[in-house]
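Architecture at a glance
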Amino acid sequence: MTNNKTCDDLPLWRGLLTHGRPDLAAGLRESTLELVATGGCHEYFHPDTRAGLGPAAFSWTASLLLDALAEG
């Protein structure tokens, strides 16, 4: 095991930060916060309509939200 972090070890926006893309990381984080604020903690979201799909109380999404808010 190495001490090097890969994108697989981090939420995607942190992986983008690690790899020198703060512009993309900030946009992804903000989009994620907006989706959850308007659509709830669904499992996933439609890419065009942004409608929440799958279970409405998905714990992975809630966990991701908490992580994103902690980064704020």
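The structure this text deals with has already been given above.
In short, a report on the structure.

1. Side note on the overall build of the protein
- Assigned secondary structure in the protein consists of three helices and two strands.
- Counting from the amino terminus, helix and strand elements in the protein follow one another as α-α-β-β-α.
- Here the protein holds 72 residues, and 24% of them are scored as buried.
- The long-range fraction of contacts in the protein, counting pairs at least 24 apart against all pairs at least 6 apart in sequence, stands at 29%.
- Carbon and sulfur atoms make up 58% of the accessible area of the protein, which amounts to about 5100 Å² in all.

2. Brief notes about the nonpolar core
- With 10 residues, the main nonpolar core is built from Trp13, Leu16, Ala25, Leu33, Leu35, Val36, Cys41, Phe45, Leu65 and Ala68.
- Of all the secondary structure elements, the ones that give two or more residues to this core are α1 (12-18), α2 (22-39) and α3 (59-71).
- Ranked by residue count, the leading element in this core is α2, at four residues.
- Among residues more than four places away in sequence, those in contact with leucine 33 are Leu65, Ala68 and Leu69.

3. So, the side chain of arginine 29
- Tracing the backbone shows arginine 29 in helix α2.
- Within polar-contact distance, the side chain of arginine 29 engages the backbone oxygen of alanine 68 at 2.7 Å.

Calculation rules
Residues numbered from 1 in each chain as written. Predicted model: local features only at pLDDT ≥ 70, side-chain atom pairs only at ≥ 80, totals over all residues. Heavy atoms only, no water. Helix = DSSP H or I, 4+ residues; strand = E, 2+ residues; numbered from the N terminus. Buried < 20%, exposed > 50% of the residue type's maximum accessible area, 1.4 Å probe, protein only. Contact = heavy atoms within 4.5 Å. Areas by Shrake-Rupley, 256 points an atom, 1.4 Å probe, with all protein chains shown as cover. Core = buried A, V, L, I, M, F, W, Y, C linked by side-chain atoms within 4.5 Å. Polar contact = N/O pair within 3.5 Å; in protein donor to acceptor, adjacent residues only side chain to side chain.

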